[in-house]
Amino acid sequence: MRGKINNILRAGAFLLLFLALFHYASGVLRDKQYAFSTAPFYQESPGKLDVLFMGSSHMLNGVSPLVLWESQGIPSANLGQNGQVLPVTYYALREAFRWQKPEVVVVDVYKVVQDSLIDSNAALHFSLDHMRPGLPKLQAVFDLLPAGERAEYLWDIILYHTRWKELEGSDFHPADTLEKGGQALFSTKAPYPGWQVVPESQTAPPAQVQIDYLVKIVELCRKEDTGLLLVALPYTTPEDDPLDRQAAVNSVAAYAQEWGVPFVNMMYHVEEMGLDFTTDMADVYHLNWRGMGKATNWLGEYLAGHWGLPSRRADPAYQAWEDALPPYHAYLEQRQQAAQASGEGS
């Protein structure tokens, strides 16, 4: 009997060791390209964040948690991600609620233009690879993917096992959290000649699958007793635009009114924020660092005014946020100088 118990204990110890090594190897081999967007969120103690920013790269490149902290003293996380359509945002928000109970969730709705459950397999990896194991991740995989494509998201070492040939020193260190989840862009691109913001009354049908998951997001926030603000951060569009992006985004206003949820289309507040589309865009779709600062400051004033969120800059529990400002400013200055020297930031 004692021999059997010893064998069971040895087998259990071996299994635990194997799982620990498997977890470590998966983390080392995993692509770290967008680890910066979730790492700061998981570093925060439960209950310390007042606002969560969710959505696609429009959010990722459009809102800086540290600019918001400096201007309003509001602790937040930017969980936006490249190619994150609203079905993926829904599961990312479910995951976020496992760790934080914010006062407000801010969701960018630009992706209502896209008629698909995922943007691409690569984009889904950006969102799911660094999400911690749990029911939201598991259900996302089974809900959004066909059976034959699920394995590499449940065990991403299947996809990344050959990366051992490309490993660098940074693969063995924690992800960079300098920007607290946001990602400032340092190029400048003016819209095509003649581009303009269409009238707010001009609408076009959005993709129904995106509206369906927006409903789920509304219901989830109500269940969690958390405020929800829908926004459209400023963007420009290509000259050939069969998706009629601006009109489709404008259509969200009627849905939001029906749901009793505030929607702020920031395209119609650019004068208030001092945003210039000729100097404040990084490319056709995304704000650059100048636009990000202007949009964040305006949105911060809106959040503080409409939700009464207090400044926590004098709270010793948030000293780490204060300490993060000098290196963040140094980083911005260095990147701006590099962009101007290369001609990209002019």
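For the structure, see preceding data.
Residues numbered from 1 in each chain as written. Predicted model: local features only at pLDDT ≥ 70, side-chain atom pairs only at ≥ 80, totals over all residues. Heavy atoms only, no water.

## Remarks on the overall build of the protein
Check the secondary structure of the protein and you find 15 helices and five strands. Looking at the 346 residues of the protein, the share that counts as buried comes to 51%. Counting contacts in the protein only where the partners sit at least 6 residues apart, residues at least 24 apart contribute 84% of the total. Only carbon and sulfur atoms are counted for the fraction: they give 55% of the accessible area of the protein, which is about 16,100 Å². (Helix = DSSP H or I, 4+ residues; strand = E, 2+ residues; numbered from the N terminus. Buried < 20%, exposed > 50% of the residue type's maximum accessible area, 1.4 Å probe, protein only. Contact = heavy atoms within 4.5 Å. Areas by Shrake-Rupley, 256 points an atom, 1.4 Å probe, with all protein chains shown as cover.)

## Some words on the packing of helix α5 (residues 86–97) against helix α10 (residues 208–223)
At their nearest, the axes of α5 and α10 sit 8 Å apart, and the two run at 15° to each other. As the angle between them shows, α5 and α10 are arranged roughly parallel. In this structure, α5 meets α10 at a crossing whose hand is left-handed. When α5 is examined against α10, the residues L86, P87, T89, Y90, Y91, L93, R94 and F97 are found in contact with a partner set consisting of V209, Q210, Y213, L214, K216, I217, L220 and C221. Of the residues contributing to the contact of α5 with α10, the split by class is twelve nonpolar, two polar and two charged. (Axes fitted to C-alpha atoms, helices over the stretch in contact; angles between N-to-C directions. Parallel < 35°, antiparallel > 145°, perpendicular 65-115°, else oblique. Left-handed = near helix turned anticlockwise from the far one by under 90°. Nonpolar A, V, L, I, M, F, W, Y, C, P; charged D, E, K, R; others polar.)

## Some details on the packing of aromatic side chains
Tallying each qualifying case throughout the model produces twelve aromatic pairs. Centroid distance W69 to W321: 5.5 Å. Interplanar angle 40°. Geometry classified as tilted. With a gap of 252 residues between them, W69 in helix α4 (residues 65–72) and W321 in helix α15 (residues 319–342) connect regions that are remote in the sequence. Across this residue pair, the class does not change: W69 and W321 are buried. Look at W298 and Y302: their rings are 5.8 Å apart centre to centre, the planes differ by 20°, and that puts the pair in the stacked class. Pair noted here: W298 and Y302 are both in helix α14 (residues 289–307), with a separation of four residues, about one helical turn. Residue classification places W298 among the buried residues on the basis of a relative accessible area of 10%. For Y302, a relative accessible area of 16% translates into the label buried. Three or more aromatic residues joined by ring pairs make a cluster, and in this case those are F41, Y42 and W99. It is K216 that lies over the ring of Y90; its NZ or CZ is 5.8 Å from the centre. Directly above the aromatic system of Y213 lies the positively charged group of K216, at a separation of 5.5 Å from the ring centroid. (Phe/Tyr/Trp six-rings, centres within 6.5 Å; stacked < 30°, edge-to-face > 60°. Lys NZ or Arg CZ within 6 Å of the ring centre and 35° of its normal.)

## With respect to a nonpolar patch on the surface
Together, L135, L138 and F142 make up a nonpolar patch on the protein surface, roughly 280 Å² of accessible area in all. Following the sequence through the fold, F142 ends up in helix α7 (residues 135–144). The class of F142 is partly exposed, set by a relative accessible area of 44%. (Patch = residues over 30% accessible without salt bridge, like charges linked within 9 Å, V, L, I, M, F, W, Y side chains within 5 Å. Salt bridge = Lys/Arg side-chain N within 4 Å of Asp/Glu carboxyl O.)

## Observations regarding the pattern of salt bridges
Evaluation of the coordinates by the stated rule reveals nine salt bridges. D241 is paired through a salt bridge with R245; the nearest N and O atoms lie 2.4 Å apart. According to the relative accessible area criterion, R245 is buried, its value standing at 11%. Salt bridges sharing common partners tie together D280, R290 and K294.

## Considering unusual backbone geometry
If you check the backbone angles, D225 has positive phi at about 55° while not being a glycine. Position of D225 among the secondary structure elements: in the loop between α10 and β4 (227–232). Positive phi, normally seen in glycine, also occurs at D244, with a value near 50°. Mapped onto the fold, D244 is located in the loop between β4 and α11 (245–250). Under the relative-accessibility criterion, D244 is labelled partly exposed at 32%.

## Overview of α10
Compared with an ideal rise of 1.5 Å per residue, which puts 16 residues at 22 Å, α10 spans 23 Å between its outermost C-alpha atoms and is within 8% of the ideal. For α10, the set of buried residues is V209, Q210, I211, Y213, L214, I217, V218, L220 and C221. Buried residues along α10 sit against α5, β3 (104–108), α7, β4 and α12 (252–259). (Expected span 1.5 Å × (residues − 1).)

## A closer look at the environment of V109
Its place among the elements puts V109 in the loop between β3 and α6 (121–128). In this structure, the C-alpha to C-alpha distance between V109 and M54, residues 55 residues apart in sequence, is 9.3 Å. Non-local contacts of V109, meaning those with residues more than four positions away in its chain, are made with L214, L230, V231, A232, V249, V252 and F263.

The analysis is restricted to geometry; functional conclusions fall outside its scope.
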